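Read off the chains here:
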Amino acid sequence: MVNQYQCFNGIINQFCQTKGITKAQLYYYRKKFDNQNQDSTEFCQVTLESTKVTKSYPDTNVTFEIGENTVIIPSIEKVLMA
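A quick note: this is a predicted structure, and the numbers were derived from the prediction, not measured.

Reading the values: the criteria
Residues numbered from 1 in each chain as written. Predicted model: local features only at pLDDT ≥ 70, side-chain atom pairs only at ≥ 80, totals over all residues. Heavy atoms only, no water. Helix = DSSP H or I, 4+ residues; strand = E, 2+ residues; numbered from the N terminus. Buried < 20%, exposed > 50% of the residue type's maximum accessible area, 1.4 Å probe, protein only. Contact = heavy atoms within 4.5 Å. Pairing = 2+ DSSP bridges. Patch = residues over 30% accessible without salt bridge, like charges linked within 9 Å, V, L, I, M, F, W, Y side chains within 5 Å. Areas by Shrake-Rupley, 256 points an atom, 1.4 Å probe, with all protein chains shown as cover. Salt bridge = Lys/Arg side-chain N within 4 Å of Asp/Glu carboxyl O. Core = buried A, V, L, I, M, F, W, Y, C linked by side-chain atoms within 4.5 Å.

Asks: Break down the overall build of the chain for me, with residues and values.
Replies: When helices and strands are tallied, the chain shows four helices and three strands. Ordered by position from the N terminus, the helices and strands of the chain form the series α-α-α-β-β-β-α. In the chain, which comprises 82 residues, the share counted as buried stands at 13%. Taking the contacts inside the chain whose residues are at least 6 apart along the sequence as the reference set, 18% of them involve residues at least 24 apart.

Asks: Just give me the short version of the environment of Phe15, but keep the residues and values in it.
Replies: Checked against the element boundaries, Phe15 lands in helix H2 (residues 12-19). For the pair formed by Phe15 and Tyr5, sequence separation is ten residues and the distance between their alpha carbons is 6.9 Å. Here Phe15 is in contact with Met1, Gln4, Tyr5, Phe8, Ile21 and Leu26, once residues within four sequence places are set aside.

Asks: Provide a residue-level description of the pairing of strand E2 (residues 61-66), including the pertinent values.
Replies: Looking along a regular strand, one sees side chains alternate from face to face of the sheet. In this sheet, strand E3 (residues 69-74) lies alongside E2 in antiparallel orientation, the contact comprising six bridges. Opposite Phe64, over in E3, you have Val71 as the bridge partner. Counting the residues that bridge the hairpin from E2 to E3 gives two residues, and of these Gly67 lies at a positive phi of roughly 60°.

Asks: With reference to specific residues and values, describe a nonpolar patch on the surface.
Replies: Judged by side-chain polarity, Tyr28, Tyr29 and Phe33 come together as a nonpolar surface patch covering roughly 310 Å² of accessible area. Here Phe33 is to be found in helix H3 (residues 23-36).

Asks: Requested: an account of the nonpolar core, with residues and values cited.
Replies: Burial of nonpolar side chains together is a common tendency in soluble globular proteins. Residues Val2, Tyr5, Ile12, Phe15, Cys16 and Leu26 constitute the largest nonpolar core, which totals six residues. Counting only elements with at least two residues in this core, the list comes to helix H1 (2-6) and H2. A total of three residues in this core trace back to one element, the largest contributor, which is H2. In contact with Tyr5, other than residues within four places in its own chain, are Ile12, Phe15, Leu26 and Arg30.

What follows is the structure in structure tokens.
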């Protein structure tokens with residue numbers, strides 16, 4: 001729930017009502033997990049409106065240009081590409 005809230009595009013009241021929890025519960029677990037996971041990696045779903053894909057050749061990288069950001073994925077990482 002805490003990870004879902006971090007990716008939620010709305011106000012906390014809407015999220016809690018949708019999930020059937022109280023704000024106090026969310027705050028409690030958010031604080032608890034923040035203290036436990038100081039060095040953890042978090043992921044959020046990203047929706048792209050448009051991207052520019054640079055042509056890839058074997059044994060090179062695939063480069064995605066998203067606005068001012070660039071994402072480079074080694075072409076040997078077939079799982080990531082899927």
